[in-house]
Amino acid sequence: MNLDLFGKNALVCGGSKGIGKACAIQLASLGASVTLVSRSPDLMSEVVSEMEMNIEKGQDHDWLKVDFQDIDDLRKRIKTIVSNKNYQILINNTGGPAGGPILNAEVEEFKAAFSQHLLCNHTIVQLLKKGMIESGYGRIINIISTSVKAPLDNLGVSNTIRGAVASWAKTMANELGVYGITVNNVLPGFTDTQRLKDLFGSRAEKMGISYEELAEQFKTSVPLDRIGRPEEVGAAAAFLASPAASYITGINMPVDGGRTRSL
Ligand SMILES: NC(=O)c1ccc[n+]([C@@H]2O[C@H](COP(=O)([O-])OP(=O)(O)OC[C@H]3O[C@@H](n4cnc5c(N)ncnc54)[C@H](OP(=O)(O)O)[C@@H]3O)[C@@H](O)[C@H]2O)c1
C-alpha cells in the first residue's frame, strides 16, 4: 500500500495542539513537509521539533501565525506562502465553537463560527487549488465532528456549523474531482484533547461531579469503551492524504470508537 508522502507539502491548520498536531505528526511520519497554522508560535515551534524530518529526502517543516477570526489577514498570509510553494495536502481544522443549548446562542456566535470554520476553509481552498492542480495531486481533509451524522446535546452552534461545512465539502468534492483532488471529512468522537477537557470540565462543574466521573459516563456510550487518542484521528487523516486513498472522495469518516449509531 502506498502511503509515501515524501515530496508533498501539507498545510495543517490548528496544528499547535490536539487533533491538528496529531495530524501533522502523522503526515510528517509518512514523509510530508508540514506547515503548521495557529495563533501560537511557541507551541508550533515545539511541534516542529517533535515531527520526524528526513533532511536528505528534502523534508522540512515550518509554521505560520494566523488567527482564523481575521479572515482578511488569513487570506494575505496564505497568499504569501503559496506564492513560494505549492501545497498538495490541506488539513482544515480549528477550535470548536463554545458549548451550550442552541436556543441560548446569539446571532454573533453563529456568524463567528461560520466565518472561522466554513469561510476560512473556503478561502484556503481557493488559494491552494492552483498548486494542487499544477502538482497533479490534491488532498483536502476537513476535521469536523460526528454531529454531521447526529447532533450532539449542548453543542447548538457547533452542530449547525458542522452541517454547513460537510455540505460545502461534498460540493467541493464534486467540483474538484475532475482535477484528481479529493475532499473528505474526518469526524472525531470523544478525543482526549484540550477541547474535550474544556467541554467536559464545564459540564462536570454544572453537574457538581468531577471531570473523571463525567468522562466515565460518556465512555459508556462508546462501543470500544474508551476515549479516543488524537493520533487515532491523525492516522485517519494521514491515510486520506496518501496515494492509497486516491479513489476516496466526498466521504465522512467517523473516528469515534463506534459511538455514532447511524451507518
Ligand atoms: N476533541 C474532541 O473530542 C473533538 C470531538 C469532535 C470534534 N472535535 C473538533 O475537532 C477540531 C479540533 O479539536 P481539538 O480537540 O484538537 O481542539 P484543540 O485541542 O482545542 O485544538 C484546536 C486547534 O485549533 C487552533 N485554533 C483555535 N482557534 C484558532 C484561531 N482563532 N485561529 C487559529 N487557530 C486556532 C488551536 O491553536 P491555538 O490555540 O494555538 O491558536 C489548536 O491548534 C475542533 O473543531 C473540535 O471541535 C473535537
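Below or above, wherever it landed, is the structure these notes cover. (Residues numbered from 1 in each chain as written. Predicted model: local features only at pLDDT ≥ 70, side-chain atom pairs only at ≥ 80, totals over all residues. Heavy atoms only, no water.)

**Section: the packing of aromatic side chains**
Heads up, the condition is: We call Phe, Tyr and Trp rings a pair once their centres come within 6.5 Å, taking the six-membered ring for Trp, and we label the pair stacked below 30 degrees between planes, edge-to-face above 60, and tilted otherwise. Secondary structure follows DSSP: runs of H or I at least 4 residues long count as helices, runs of E at least 2 residues long count as strands, and numbering of each begins at the N terminus. Relative accessibility thresholds used throughout: buried, under 20% of the residue-type maximum; exposed, over 50%; partly exposed, between the two (1.4 Å probe, protein chains only). Should the NZ of a Lys or the CZ of an Arg lie within 6 Å of a ring centre and within 35 degrees of the ring normal, that charge is described as sitting over the ring.
By the definition in use, this model includes four aromatic pairs. Each ring, one from F200 and one from F218, has its centre 4.5 Å from the other, and the planes form 25°; the classification is stacked. Note that F200 is positioned in helix 6 (residues 194–207) and F218 in helix 7 (residues 211–219), a separation of 18 residues in sequence. The pair formed by F200 and F218 is uniform in burial state, with each residue classed as buried. The structure contains a cluster of three or more aromatic residues connected by ring pairs, namely F190, F200, Y211 and F218. Lying across the ring of Y137, K8 places its NZ or CZ 4.4 Å from the centre. Above the ring of F6, the side-chain terminus of K57 is found at 4.1 Å from the ring centroid.

**Topic: helix 3 (residues 71–82)**
Which entries qualify depends on this criterion: Any helix carries an expected span of 1.5 Å times its number of residues minus one. Think of the arc as the fan of directions from the helix axis to the C-beta atoms. The criterion used for residue contact is that any of the two residues' heavy atoms lie within 4.5 Å.
The end-to-end C-alpha separation of helix 3 is 16 Å, in line with the 16 Å expected for twelve residues at 1.5 Å each. Taken together, the buried positions of helix 3 are occupied by I71, D73, L74, I78 and I81. Each buried residue of helix 3 lies within a common arc of 150° when the element is viewed along its axis, so the set occupies one face. What points out from helix 3, more than 90 degrees from its buried face, is the exposed set D72 and K76. Against the buried residues of helix 3 lie strand 1 (9–13), strand 3 (62–65) and helix 4 (107–135).

**Describing the pattern of salt bridges**
The criterion, for reference: Counted as salt bridges are all cases of a side-chain nitrogen of Lys or Arg within 4 Å of a carboxyl oxygen of Asp or Glu.
Evaluation of the coordinates by the stated rule reveals twelve salt bridges. Two residues, R75 and D72, come together in a salt bridge whose shortest N-O distance is 3.2 Å. Pair noted here: R75 and D72 are both in helix 3, with a separation of three residues, about one helical turn. A relative accessible area of 54% places D72 in the exposed class. A salt bridge links E232 to R229, with the shortest nitrogen-to-oxygen separation between them at 3.2 Å. Connected via shared salt-bridge partners are R226, R229, E231 and E232.

**A closer look at the site of the ligand**
Keep this limit in mind: Proximity is defined per residue: if any heavy atom of the residue lies within 4 Å of a molecule or strand, that residue is considered near it. Polar contact is defined as a pair of N or O atoms within 3.5 Å, subject to the rule that within protein one atom must be able to donate a hydrogen and the other to accept it, and that residues adjacent in sequence are counted only when both atoms are side-chain atoms. With residues, only the protein chains shown are counted as cover, and all accessible areas are computed by Shrake-Rupley using a 1.4 Å probe.
Not every one of the 30 residues close to the ligand is listed here, only the nearest: S16, R39, S40, R162 and T193. Between an oxygen atom of the ligand and a side-chain N or O atom of S38, the distance comes to 3.4 Å. Taking T191, its main chain carries an N or O atom lying 2.8 Å from an oxygen atom of the ligand. For the ligand, the protein covers 93% of the area, taking 880 Å² as the surface of the free molecule.

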